[in-house]
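Below, each chain spelled out in residue letters.
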Amino acid sequence: MAFRKALKRTAIIGGGAVAAVYGLSQLIEYRKAQARLSHVAAEAELKVPFSDELPSRHAQLTALKDAEEFDVLVVGGGATGAGCALDAVTRNLKTALVERSDFSSGTSSRSTKLIHGGVRYLQKAIMQLDYEQYMMVKEALHERANLLEIAPHLSAPLPIMLPVYKWWQLPYYWAGIKMYDLVAGIQCLKSSYVLSKTKALELFPMLKKDKLVGAIVYYDGQHNDARMNLAIALTAARHGAAVANYTEVVHLLKTNDPQTGKEKVCGARCRDVITGQEFDVKAKCVINATGPFTDGLRKMDNQETKNICQPSAGVHIVIPGYYSPDNMGLLDPATSDGRVIFFLPWEKMTIAGTTDTPTNVTAHPIPGEDDINFILREVRNYLSPDVEVRRGDVLAAWSGIRPLVTDPNSKDTQSICRNHIVSISNSGLVTIAGGKWTTYRSMAEETLDAAIKAHGLSAEPCRTAGLMLEGAKGWTPTLYIRLVQDYGLENEVAQHLASTYGGKAFDVAKMAQVTGKRWPIVGKRLVSEFPYIESEVQYAIKEYACTAIDVIARRTRLGFLNVQAADEALPRIVQIMGKELDWSQERKTAELEAARKFLYHEMGYRARSEQLTKTSEINLDYQEVVRYKKRFHKFDKESKGFITTVDVQQVLESINVHIDENALHEILNEVDLNKNGQVEIDEFLQLMSAVKKGQVSDNRLAILMKTAEETLDMRGPVTVDRSGGGV
């Protein structure tokens, strides 16, 4: 109440934000005093039974089957579920975790990649005098600091620019951002600051110049979300939790409580998705941490229960890294429909998103073309007209489902608070629902506190604040130099391994094969333009990867960065996994098809490829048609009306360019719409029309044919003298 009264007294001045800074000064001092993280003094205080080698998935399944009873069974292997398992096992509770797909296969791998308190939630807290939202921001900022500390290899602070195009907005936004710093207190990453127009354009040259007044820069955290989720799950496994992916709950087990006569949840019937084998896992307490699928498990417990989760779809796109500076993000606080759009550098690419629309729960969300185009339109609004934002530059796109907790009758997902709830059913099922990535640890702590109390479990206090995650020990900012010096890895590859595996990067490097080249000595890349190497596929299996999708989507992030590159890497990935896991030829074929289907539907490959197939009309003027037909006929020398790999190969050989036959087949296949093994003149003109409109970019055949034509034209006709007199 004191907070609400203080806020109410001061919010009428200057839009509320400036005065609220002073109105909260006492609370901020209190916040600073309480903000220091509770660290685990030494790893020796906790049992780490698997400090060297993790148990295999087979061993984990055996542990699940053979255990008489667990204290806690967590259902769901996303950030929250993995967090609950880690919290439980470090309290000395016998812990199990099952996930029906892969760790982080759902929402937790499809985020905006930010570790943040929520600037816009703080704005709502002030403007609407909403104490709950203020407390959520306060908690998230505390957790942001903790997460950056316990996984420094996977996370780092990121400056984010907020461009200002109206003078009156400058003090308004500045006050709001300063409030964000103050709420963070001593855990503020770096102090925010104001930039002049000139300085803003110097730091973010792609920014639209017209009417730009200046900018404000504030700091949040950024991370590799799928790898972070995996690190939490692996840390739980190292501390003794039995964790198994591809293990789904078929139904809940129940027993009658002898004291009350009521039915109580006492475990779950599980099924190994890979083998189909079913088995029971008994547990004193079952925790439902299934994210968007929360209500599905709750209805297993009680069919009459009402839904508490209203899912919302958030689409993101990935575009080339040249769209943004290497280390500066952008926030558009006022899009055309009121949503917030982030524009962030990530893994040397650029992420833009997100949308926020009601959706149905599905395990395979698909990014829609409308959402992709909405993001592109908003990006065009704040980038310079000199930067042509092309649909063809979208290298990947994905949709993540936010598990928002709300009144089931609500339709407006924008106004829903991103907070969480912990509920316990009459039969004892503990449900943690809602929340956000950043607060996974505190959500897990609250969930275990409630579970321990409700089920009378004997447990230690929470010990996860300050507990270093998998790979954090042994990591330093200069670790990659040792990888280069000790193993002969490329600099870019070494930096990638250090920032992905932390101290465990040496284990990956040891598995890397010798290249036979002078440099690099070891580490063969899966695809040339990305630093992922073949030994990572072998190491992924040690990290419980079971499918090719696990490797391209979550152990590496190739599928999220470039669907075409991921598609090209798949045959080699399947080959390596097949050898390691003894797959039959049928299994290899099935894995390849499943992974390509995943890329096609869930990672935006379909939306990318349809930019060509949907463009039925050829939008070229007469001169362009003549020019492109002339180019085509340099390859179609026999005037067949189509070209094949043989035609292209002959032209390339004549200019001393050599391309592997399989690679050439892939290049033509991108344009071969009717898949008849040849590219007709109409297909080529359709391609060039799509390139002109920006629907297709960086097409290999288009660039290859243009380059070949220019080389041939530069040579010109061979004179009679030069040919030896024409004898």
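Fair warning: this is a prediction, and the values are worked out from it, not measured in the lab. (Residues numbered from 1 in each chain as written. Predicted model: local features only at pLDDT ≥ 70, side-chain atom pairs only at ≥ 80, totals over all residues. Heavy atoms only, no water.)

Let's talk about the overall build of the protein
Moving on, step 1. Check the secondary structure of the protein and you find 27 helices and 20 strands.
Moving on, step 2. The buried share among the 727 residues of the protein stands at 56%.
Moving on, step 3. The contacts in the protein between residues at least 6 apart in sequence include a share of 74% that link residues at least 24 apart.
Moving on, step 4. In the structure as shown, the protein presents an accessible area of about 31,500 Å², 51% of it carried by carbon and sulfur atoms. (Helix = DSSP H or I, 4+ residues; strand = E, 2+ residues; numbered from the N terminus. Buried < 20%, exposed > 50% of the residue type's maximum accessible area, 1.4 Å probe, protein only. Contact = heavy atoms within 4.5 Å. Areas by Shrake-Rupley, 256 points an atom, 1.4 Å probe, with all protein chains shown as cover.)

What to know about the UniProt feature "domain: EF-hand" (unreviewed entry) in the protein
Moving on, step 1. Residues annotated by UniProt as "domain: EF-hand" (unreviewed entry) correspond here to residues 623-658 and 659-694.
Moving on, step 2. Secondary structure across residues 623-658 comprises 58% helix and 6% strand; the distance between its end C-alpha atoms is 31 Å.
Moving on, step 3. Annotation note: span residues 659-694, helix share 58%, strand share 6%, distance between end C-alpha atoms 27 Å. (UniProt positions renumbered as here; feature names shortened; annotations may be inferred.)

Comments concerning the nonpolar core
Moving on, step 1. Counting 46 residues, the largest nonpolar core has Val72, Val74, Ile287, Tyr440 and Leu469 as its most contacted members.
Moving on, step 2. The element best represented in this core is helix α10 (residues 225-238), accounting for eight residues.
Moving on, step 3. For Val74, the contacting residues outside a window of four places in its chain are Gly81, Cys84, Ala85, Ala96, Leu97, Val98, Ile287 and Ala289.
Moving on, step 4. Within the second largest apolar cluster, 38 residues are counted, among which are Val527, Tyr532, Ala540 and Ile576. (Core = buried A, V, L, I, M, F, W, Y, C linked by side-chain atoms within 4.5 Å.)

Quick notes on the pairing of strand β10 (residues 278-288)
Moving on, step 1. Relative to β10, strand β1 (residues 70-75) is paired through five bridges, and the arrangement is parallel. By the bridge assignment for β10, Leu73 is matched with Val286.
Moving on, step 2. One ladder, built from five bridges, connects strand β9 (residues 263-272) with β10; its direction is antiparallel. Bridging across to β10, Ala268 finds its partner in Val281.
Moving on, step 3. Pairing analysis gives two bridges linking β10 to strand β18 (residues 430-434), with the strands arranged parallel. Across the sheet, residue Ile287 finds its bridge partner in β18, namely Val430. (Pairing = 2+ DSSP bridges.)

Some words on the packing of helix α23 (residues 622-633) against helix α26 (residues 681-692)
Moving on, step 1. Taken N-terminus to C-terminus, the directions of α23 and α26 make an angle of 125°; their axes are 10 Å apart at the nearest point. When the axis of α23 is compared with that of α26, the two are oblique. Handedness of the crossing formed by α23 with α26: right-handed. Counting all contacts with α23, which are made through Glu624, Val625, Tyr628, Lys629, Arg631 and Phe632, the residues of α26 involved are Ile681, Phe684, Leu685, Met688 and Lys692.
Moving on, step 2. A per-class count over the contact of α23 with α26 returns seven nonpolar, no polar and four charged. (Axes fitted to C-alpha atoms, helices over the stretch in contact; angles between N-to-C directions. Parallel < 35°, antiparallel > 145°, perpendicular 65-115°, else oblique. Left-handed = near helix turned anticlockwise from the far one by under 90°. Nonpolar A, V, L, I, M, F, W, Y, C, P; charged D, E, K, R; others polar.)

Thoughts on the packing of helix α18 (residues 548-555) against helix α20 (residues 563-581)
The packing of two helices is summarised by the inter-axis angle and the distance between the axes.
Moving on, step 1. One can describe the packing of α18 onto α20 by two numbers: an axis separation of 9 Å at closest approach and a directional angle of 120°. By the criterion of interaxial angle, the relationship of α18 to α20 is oblique. Crossing angle aside, the handedness with which α18 passes α20 is right-handed. Packed against α18, whose contacting residues are Ala548, Val551 and Ile552, the element α20 presents Leu570, Ile573, Val574 and Met577 at the interface.
Moving on, step 2. Counted by class, the contact of α18 with α20 contains seven nonpolar, no polar and no charged residues.

Here's the deal with the packing of aromatic side chains
Moving on, step 1. Scanning all chains against the criterion turns up 13 aromatic pairs.
Moving on, step 2. Centre to centre, the rings of Phe530 and Tyr532 are 6.4 Å apart; their planes meet at 15°, and the pair counts as stacked. Tyr532 shares its class with Phe530; the two are buried.
Moving on, step 3. A ring pair is formed by Phe632 and Phe684, whose centres lie 5.6 Å apart and whose planes are at 40°; its orientation type is tilted. Of this pair, Phe632 sits in helix α23 while Phe684 sits in helix α26, and the two are 52 residues apart along the sequence. (Phe/Tyr/Trp six-rings, centres within 6.5 Å; stacked < 30°, edge-to-face > 60°.)

Examining the environment of Tyr322
Moving on, step 1. One can find Tyr322 in the loop between β11 (309-319) and β12 (329-332).
Moving on, step 2. Of the residues examined, Tyr322 reaches a relative accessible area of 49% and is grouped as partly exposed.
Moving on, step 3. For the pair Tyr322 and Val387, spaced 65 residues apart in sequence, the C-alpha separation works out to 9.9 Å.
Moving on, step 4. Ignoring any residue separated from it by four or fewer positions in sequence, one finds Tyr322 in contact with Met206, Arg390 and Asp393.

Some points on the side chain of Glu99
Moving on, step 1. Note that Glu99 resides in the loop between β2 (95-98) and β3 (114-115).
Moving on, step 2. Arg100 is the oppositely charged side chain nearest to the buried, salt-bridge-free Glu99, at an N-O distance of 5.5 Å.
Moving on, step 3. At 2.6 Å, the side chain of Glu99 forms a polar contact with the backbone nitrogen of Gly77.
Moving on, step 4. Those residues in contact with Glu99 that sit more than four places away from it in its chain are Gly76, Gly77, Gly78, Ser105, Ala244, Asn245, Tyr246 and Thr247. (Lys, Arg positive; Asp, Glu negative; His and termini not counted. Salt bridge = Lys/Arg side-chain N within 4 Å of Asp/Glu carboxyl O. Polar contact = N/O pair within 3.5 Å; in protein donor to acceptor, adjacent residues only side chain to side chain.)

Details of the pattern of salt bridges
Moving on, step 1. This structure, assessed with the given rule, holds 38 salt bridges.
Moving on, step 2. Arg554 is paired through a salt bridge with Asp550; the nearest N and O atoms lie 2.8 Å apart. In this pair, Arg554 and Asp550 both sit in helix α18, four residues apart, roughly one turn of the helix. For the pair Arg554 and Asp550, a shared accessibility class is recorded, and that class is buried.
Moving on, step 3. Several salt bridges converge on common partners, so that one network encompasses Asp102, Asp550, Arg554 and Arg555.

A short note on the side chain of Lys113
Moving on, step 1. Locating Lys113 in the fold gives a position in the loop between β2 and β3.
Moving on, step 2. A relative accessible area of 0% means that Lys113 is categorised as buried.
Moving on, step 3. Looking at Lys113, its side chain comes within polar contact range of the main-chain oxygen of Ser109, at 2.9 Å.
Moving on, step 4. What Lys113 contacts, discounting residues up to four positions off in sequence, is Gly221, Gln222, His223, Asp225, Trp346, Ile351, Trp398, Arg557 and Phe560.

Looking at the confidence of the model for the protein
Moving on, step 1. Across the protein, the average pLDDT comes to 87, with 89% of residues at 70 or higher.
Moving on, step 2. Considering only residues more than four positions removed or in separate chains, one finds that residues 1-44, a stretch of pLDDT under 50, has 70 contacts.
Moving on, step 3. A low-confidence stretch, residues 718-727 stays under pLDDT 50, and its non-local contacts, those more than four residues away or across chains, total three contacts. (pLDDT = per-residue confidence, 0-100.)

Re the pairing of strand β6 (residues 214-223)
Moving on, step 1. Counting buried positions over the 10 residues of β6 gives 10, a clear majority of the element.
Moving on, step 2. Here β6 shows no split at all, with Gly214, Ile216, Tyr218, Asp220 and Gln222 on one side and Ala215, Val217, Tyr219, Gly221 and His223 on the other all buried.
Moving on, step 3. Direction of pairing for β3 relative to β6: antiparallel, over a ladder of two bridges. Across the sheet, the residue bridging to Leu114 is Gln222, located in β6.
Moving on, step 4. Examined bridge by bridge, strand β4 (residues 155-164) and β6 share 10 bridges and lie antiparallel to one another. Its bridge partner lying in β6, Pro159 is registered against Tyr219.
Moving on, step 5. With four bridges connecting them, strand β5 (residues 193-196) and β6 associate as antiparallel partners. Bridging across to β6, Ser196 finds its partner in Gly214.

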